[in-house]
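# Inside the fold
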Amino acid sequence: MEFFATLEAIRDESDIPVKLGRLRELATALDSIAQVSFAPETPVQPVGNPSFAKICQIVHGSQVGKRRNLGTTEGRIIFLHALAHIEYSAIDLALDSAYRFRGLPPQFYEDWFTVALDEARHFAMLNGLLRKLGSYYGALAVHTGIHDAMARSATSLRRRMAATHRHLEANGLDAHPELARKFAGFTDTAASEIRQALKIIFDDEIKHVAAGDFWFRYACALDGASTDIFTEDVTQAIPGTKFGRKSLNISARKQAGFTDSELAALTDHGL
Ligand SMILES: [Fe+2]
Ligand SMILES: [Fe+2]
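As a starting point, this report considers the structure included with it. A quick note: this is a predicted structure, and the numbers were derived from the prediction, not measured.

### Details of the overall build of the chain
Across its full length, the chain holds 10 helices and 0 strands. Here the chain has a C-alpha radius of gyration of 18 Å; the compact-globule value for 271 residues is 18 Å, and the two agree. Considering only C-alpha atoms, the chain reaches an extent of 55 × 45 × 35 Å along its principal axes. The buried share of the chain, reckoned over its 271 residues, is 50%.

As structure tokens, then:
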């Protein structure tokens, strides 16, 4: 099988068991590298419709169900579905990053393929938790936020790394402490399973943001740009992004490569 064409096909696959199965097949084939060929000269296609359009009803972000009480099954389903959608979108995003940007060091492709495998594991875990609550991915409406950022950053490695892997994925790091606290307040088994899943995802996401940080800095060096261009890159891919309005997870972001001065610039009042 050819690496780039296979990434594209898996990204566009919307049959979930087939998608996850093909991802595992490619991982196995890459372990014995002779089974995979690389044809970086093949043309790169523009970003098309999201693969989840065949799974979920798509609505505007403002119409997506808001979670209310995480103590209720309904509230937990809304929460887990929103998170499962982020992870599903993140599979396609990581595959697209590995597919789209050619002529980079082998580590680049290894990093984003590994991230895609992590996201698939996160997605499967959350979909499993949804099923335990009597729901499944596709039961609720979703928005296209991550897909839109992916499409708007398709022509620039630097913008892609900044806006999606180093910004959107880092937002997840910021959200984790409060979510962990909320679920720590419930003593039932389901809540403790959700808390464990959130911790596994959080630990992996630090590595994803670190990869985004590394390749963002690499792309800045390629372009001869200062890393100060980060917020501009983010707002070009995600118009209307507000910085400095929420509390950042400083220790997690530092582990992922953000510097003190970058973090100070991203907060209202400095550190
Ligand atoms: Fe994830
Ligand atoms: Fe991630």
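Now that the structure is up, let's keep going.
### Quick word on the environment of Ala 139
Along the chain, Ala 139 falls in the loop between α4 (106-132) and α5 (145-152). Take Ala 139: its relative accessible area is 33%, and that puts it in the partly exposed class. For Ala 139 and His 81, which are 58 residues apart along the polypeptide, the C-alpha to C-alpha distance reads 8.1 Å.

### Some thoughts on the coordination of the iron ion (ligand 1)
At 1.9 to 2.8 Å from the iron ion (ligand 1) lie its protein donor atoms, namely Glu 87 (OE), Glu 87 (OE), Glu 119 (OE), His 122 (ND1) and Glu 205 (OE). A separation of 3.6 Å is found between the iron ion (ligand 1) and the iron ion (ligand 2), which share Glu 119 as a coordinating residue. Linking Glu 87 in helix α3 (residues 73-100) with Glu 205 in helix α7 (residues 189-223), this pair joins segments that are 118 residues apart in sequence. Among the residues examined, Glu 205 registers a relative accessible area of 9% and is labelled buried.

### Focus: the coordination of the iron ion (ligand 2)
Of the protein atoms, only Glu 119 (OE), Glu 169 (OE), Glu 205 (OE) and His 208 (ND1) coordinate the iron ion (ligand 2), at distances of 1.9 to 2.2 Å. Coordination at the iron ion (ligand 2) is irregular: its 4 donor atoms span angles of 88 to 155 degrees at the metal. Spacing between the donor residues of the iron ion (ligand 2) along the chain follows E-x49-E-x35-E-x2-H.

### Overview of the nonpolar core
Formed by 75 residues in total, the largest nonpolar core has its most connected members in Leu 7, Phe 79, Phe 108 and Tyr 137. Put simply, the parts of the chain that give this core at least two residues each are α1 (3-12), α2 (16-31), α3, α4, α6 (157-184), α7, α8 (230-237) and α10 (260-266). Among the elements that make up this core, the one with the highest residue count is α7 (13 residues). Not counting residues up to four positions away in its chain, the partners in contact with Leu 7 are Leu 26, Leu 95, Ala 98, Tyr 99 and Phe 113.

### Notes on α8
The set of residues buried in α8 consists of Phe 230, Asp 233, Val 234 and Ala 237. Taken down its axis, α8 places every buried residue within 100 degrees of arc, on the same side.

Thresholds applied
The residue count restarts for each chain, going from 1 along the sequence in the order it is written. Each chain gets a letter, beginning with A, and each ligand a number, beginning with 1, in the order they are written. Where local features are concerned, this predicted model is filtered to residues with pLDDT of at least 70; where side-chain atom pairs are given and counted, the filter is 80 or more; whole-chain, interface and lining totals use all residues. With hydrogens and water excluded, all non-hydrogen atoms of the structure serve as input to the side-chain values. Here a strand is any run of E in DSSP of at least two residues, a helix any run of H or I of at least four, and the numbering for each starts at the N terminus. Atoms counted for the radius of gyration: C-alpha only. Globule rule: 2.2 Å times residue count to the power 0.38. Buried residues are those whose accessible area, probed at 1.4 Å on protein chains only, stays under 20% of the maximum for their type, while exposed residues exceed 50% and partly exposed ones sit between those limits. Water is not among the atoms examined, so metal sites may look incomplete; donors are the N, O and S atoms within 2.8 Å of the metal, or within 3.2 Å for Na, K and Ca. A four-donor site is called tetrahedral if each angle lies between 85 and 135 degrees; a four-donor site is square planar, and a six-donor site octahedral, when trans pairs exceed 155 degrees and the remaining angles lie between 65 and 115; all other cases are labelled irregular. For our purposes a nonpolar core is just a set of buried Ala, Val, Leu, Ile, Met, Phe, Trp, Tyr and Cys residues, chained together by side-chain atoms within 4.5 Å. Only heavy atoms enter the contact rule, under which two residues are in contact if any of them lie within 4.5 Å. Within this analysis, the arc is defined by the directions that extend from the helix axis to the C-beta atoms.

By themselves, these are just geometric observations and shouldn't be taken as functional.
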